Amino acid sequence: MGSLAAMHYPASSRHNPLQDQLRGQDRRWVRALWEPMTGIYTSKDCVSTGDISGNNDFKLVLVDSASDQNKLLLLKDLTIIGDSAVSETPAGIVVFVSDPGHSPCVGVVISGSLLVYRNMKPYYRFNLPQNDLDPIENEFWDSAMTRKITPKELFDALTALKQKHSIARLSFHSQDFLTLSTDELRQKAISQLISNHGDHVNLSNITITCVTTIKKNSTERTETDVVIVGTELGSIYYIDIQAYNILHYCKIKGTPDKLFSMGQFELESRLFICTRESDIIVLKRSTRGEQTEHIIPMRYPIISIASNMTNIIMASRSDTLIFCTMKGKKLSEIKLTEAVVDMESFWFEPRQYNGILVAFKNHIDIYLDHHVVDTLKVDYEINWIKYGRYGREEAVLIVGSNYSPRFGNEKVKNTTGGIGVYIFRRTSILTIKEEVGAPASQTHRLNIPKKTKVYVDQTLRERNNVQKIHATFQRDLYLLRLHITKAFAELTSKNSGMVPTKESEKLDVNLEVNGFGPSFRINISIKIAGEMSAKQRWIAFSYDKEEYSIERELILMPRLVSEAEITFTNEIRCKNPEKGAQGEVKVYILSEGRRAPLWMTSFEMPISEQNLI
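Just so you know, these numbers come straight off a predicted model, no measurement behind them.

**Student:** Can you explain unusual backbone geometry? Please cite residues and give values.
**Tutor:** Phi is positive for Ser-111, close to 55°, though the residue is something other than glycine. Counting through the fold element by element, Ser-111 comes out in the loop between strand E7 (105-110) and strand E8 (113-118).

**Student:** Break down the sheet that holds strand E4 (residues 70-76) for me, with residues and values.
**Tutor:** Taken in spatial order, the 4 strands make up an open sheet running E2-E3-E4-E5, and their pairing is antiparallel. Edge positions in the sheet fall to strand E2 (47-50) and strand E5 (79-86), since each of these pairs with one other strand and no more. In this sheet, neighbouring strand axes are inclined to one another by 20° on average, regardless of whether the strands run parallel or antiparallel. Judged from the 4 bridges that link them, E2 and strand E3 (residues 59-64) form a sheet pairing that is antiparallel. Each bridged residue has a counterpart across the sheet, and for Ser-48 the counterpart in E3 is Val-61.

**Student:** Provide a residue-level description of the pattern of salt bridges, including the pertinent values.
**Tutor:** Pairing is possible between side chains of opposite charge, provided their charged atoms come close. A complete count under the given rule lists 23 salt bridges for this structure. Residue Asp-57 pairs with Lys-76 through a salt bridge whose shortest N-O separation is 3.4 Å. Linking Asp-57 in the loop between E2 and E3 with Lys-76 in strand E4, this pair joins segments that are 19 residues apart in sequence. Residue class for Asp-57 comes out buried when judged on its relative accessible area of 7%. On the accessibility criterion, Lys-76 (37% relative accessible area) is partly exposed.

**Student:** Break down the state of the cysteines for me, citing the residues and quoting the values.
**Tutor:** Tallied over the full model, the rule gives 0 disulfides. The cysteine Cys-210 is free of any disulfide, with Cys-274 supplying the nearest cysteine sulfur at 9.0 Å.

**Student:** Describe the side chain of Ser-84, naming the residues involved and giving the relevant values.
**Tutor:** Following the sequence through the fold, Ser-84 ends up in strand E5. In this view, Ser-84 contacts Asn-70, Lys-71, Leu-72, Tyr-117, Met-120 and Pro-122; residues no more than four positions away in its chain are not counted.

**Student:** Just give me the short version of the packing of helix H5 (residues 151-164) against helix H7 (residues 183-197), but keep the residues and values in it.
**Tutor:** It is at 9 Å that the axes of H5 and H7 come closest, and there the two elements cross at 95°. Taken together, the axes of H5 and H7 are roughly perpendicular relative to one another. On H7, the residues that touch Pro-151, Lys-152, Leu-154 and Phe-155 of H5 are Asp-183, Arg-186, Gln-187 and Ile-190. For the contact of H5 with H7, the residue count by class is 4 nonpolar, 1 polar and 3 charged.

**Student:** Which residues make up the nonpolar core, and what are the values?
**Tutor:** Counting 26 residues, the largest nonpolar core has Leu-507, Ile-524, Ile-526, Ile-539, Phe-541, Ile-572 and Ile-589 as its most contacted members. For this core, the elements supplying multiple residues, two or more each, are strand E32 (507-514), strand E33 (519-528), strand E34 (537-542), strand E35 (548-550), strand E36 (554-557), strand E37 (565-574), strand E38 (584-591) and strand E39 (599-604). Looking at which element gives the most residues to this core, the answer is E33, with 5 residues. Ignoring anything within four residues of it in the chain, the contact list for Ile-524 reads Val-509, Asn-510, Leu-511, Ile-539, Phe-541, Ile-566, Thr-567, Phe-568 and Val-587.

**Student:** Pulling in residues and values, what's your account of the pairing of strand E26 (residues 381-390)?
**Tutor:** Of all 10 residues in E26, 8 are buried; the element is thus mostly enclosed. Of the pairings in the sheet, the one linking E26 to strand E27 (residues 393-402) comprises 8 bridges and is antiparallel in character. Looking at E27, one finds that Glu-381 is bridged to Asn-402. Here E26 hands over to E27 after 2 residues, with Gly-391 in that stretch at a positive phi of 70°.

**Student:** An account of empty space enclosed by the protein is requested, with residue identities and associated values reported.
**Tutor:** Counted under the stated rule, the structure contains 1 cavity of 30 Å³ or more. The computed volume of the largest cavity comes to approximately 80 Å³. Around the largest cavity sit Thr-38, Ile-40, Tyr-41, Thr-42, Asn-383, Trp-384, Gly-400, Ser-401, Asn-402, Gly-417, Gly-418 and Ile-419, which together line it. For the lining of the largest cavity, the secondary-structure elements that each account for two or more residues are E26, E27 and strand E30 (418-424). Tallying contributions element by element places E27 first for the lining of the largest cavity, with 3 residues. For the lining of the largest cavity, the residue count by class is 4 nonpolar, 8 polar and no charged.

**Student:** So what's going on with the packing of aromatic side chains? Which residues, and what values?
**Tutor:** A full pass over the atoms with the stated rule returns 13 aromatic pairs. An angle of 35° between the planes, with centres 6.4 Å apart, marks the rings of Phe-126 and Tyr-244 as tilted. Note that Phe-126 is positioned in strand E9 (residues 121-127) and Tyr-244 in the loop between strand E12 (235-240) and strand E13 (245-251), a separation of 118 residues in sequence. Note on Phe-126: relative accessible area 7%, which makes it buried. Residue Tyr-244 is classed as buried on the basis of its relative accessible area, which comes to 14%. For the pair Phe-348 and Phe-424, a centre-to-centre distance of 4.9 Å together with 70° between the ring planes defines the contact as edge-to-face. Separated by 76 residues along the polypeptide, Phe-348 in strand E22 (residues 342-348) and Phe-424 in strand E30 bring together distant segments of the chain. For Phe-424, a relative accessible area of 1% puts it in the buried group. Grouped by ring-pair contacts, the aromatic residues Trp-29, Phe-346, Trp-347, Phe-348, Tyr-353, Tyr-387 and Phe-424 constitute a single cluster. Above the plane of the ring of Tyr-123 lies Arg-118, whose end atom (NZ or CZ) is 4.7 Å from the centre. One residue, Arg-186, lies across the ring of Phe-155, its end atom 3.7 Å from the ring centre.

Analysis parameters
Residues numbered from 1 in each chain as written. Predicted model: local features only at pLDDT ≥ 70, side-chain atom pairs only at ≥ 80, totals over all residues. Heavy atoms only, no water. Helix = DSSP H or I, 4+ residues; strand = E, 2+ residues; numbered from the N terminus. Pairing = 2+ DSSP bridges. Axes fitted to C-alpha atoms, helices over the stretch in contact; angles between N-to-C directions. Salt bridge = Lys/Arg side-chain N within 4 Å of Asp/Glu carboxyl O. Buried < 20%, exposed > 50% of the residue type's maximum accessible area, 1.4 Å probe, protein only. Disulfide = S-S within 2.5 Å. Contact = heavy atoms within 4.5 Å. Parallel < 35°, antiparallel > 145°, perpendicular 65-115°, else oblique. Nonpolar A, V, L, I, M, F, W, Y, C, P; charged D, E, K, R; others polar. Core = buried A, V, L, I, M, F, W, Y, C linked by side-chain atoms within 4.5 Å. 1 Å grid on protein atoms, 1.4 Å probe; cavity = no way out; pocket = protein on both sides within 12 Å on 5 of 7 lines; lining within 4 Å. Points joined across faces, edges and corners; volume = space filled by probe spheres on them. Phe/Tyr/Trp six-rings, centres within 6.5 Å; stacked < 30°, edge-to-face > 60°. Lys NZ or Arg CZ within 6 Å of the ring centre and 35° of its normal.

See below:
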């Protein structure tokens, strides 16, 4: 195995003034390793660290997807010391302890399976049980594989299952089979399956989307873990990696995208689930195994989630940091000036620092409580960060990037990714250098007496003039009612505005008059904003019959459907266009069983032009 750090150091060892400037600014961080062109493509979910060898020397584990063949790599000081081929691009990897006293294992989740690697070699493959699969679908496929039903009958049965549930609930074999358009292709597919699998085919509809770990019954780093995975159909599995069985199974509404766990499984734990529907679901387990679910609706999707030991912090796509309690209650939020790339929990035991690391495009901020206490600036674009133990150091920040070198003043996009390793100095002291939120002057209390002179005078006036104040209030109340009554009468008699009545339903009505005369067209568009009853409704017109004639004075309305828009058209003709008069037309919407109209409006007709023919 070759060293990544030694491959390109001659090119990167040239003098760079920007790097010297950054080294001078970041006194609290030491850049121990930096390789701009590793040739590795990976994501945050496929990066982890752990004591893989069991010698208290933590190493970097990641999945490289730069080539067609995915590889699981083990790196020490950015030197590849072990690798293993992976058949598909995984949804994530974790490092967990299966047996106390032994070296940790690496778990890689692919499709519906957990691949376990011990000493970087394939050790076990655990397939999740098919809890989301309809047993009837297995019966249909078994009958087709044994030739008890024809491929056409299987196609019709699977189509009925798709209409009953959804195509996402069917197995992948069924989804592919339903895409076949002819009986010949279906017969060929069944014959191919029989030749490959015999009389039985293993069906699956599980796709793992995220993975994390939680300690089973202790907080010690060397104790047993429990692996938690979430699937595309909203299933959450707690896997015992000693006996390889399911400890707990539950179902949520939504598709999990990120998992964040706290506590111990057998004692008390909380699992925060970020879904693709922009919700946060909190699953709390008690010591008796009882589980409660709490849903936190979010306005924007969550990019990352972390903890500072006392609060849960979430970074949303609205460039906002949201601080919540462990129970999910929102405490505060911080509006940022740029987009968040990634976030990690930050702790430093020698000085008892607990905070978060927030990564932006070209710098990383440390937040203690709600304050920025340090900023690490980098000269490349950040893709992901990972904080924790690495090598023999306790506080190490690993930064992944897409390195883009500069030639002159032009920035050239590179085809390889970079990895940097930064160590937090043991002698570093973090102090508040930037205050986020309200200024300190707003927290100072004003010296206001409990009872001012104005308050005492007002109290005496109210006590001595009780009857006068009450009479004035009653007079103003009657005048307000009189004004409202007059305004409404004027609106219904003269104004051309649209007036919903007291028994109005959720209707959005738009009316327009087209034409120059003597013939006009009235278009009435009605949109339903909510559920409507099944009663009969009509549109009625009131007008001066000496001046105008209307084609239909009463229009029967069909049954109205929610969120649907329907347009009605009526013709109106001016009988005496030479007079140049403007008459008033009223439009009503009537309903069966009600005396008052549901909706009404009135408008003045435009002056009609004379008929030239």
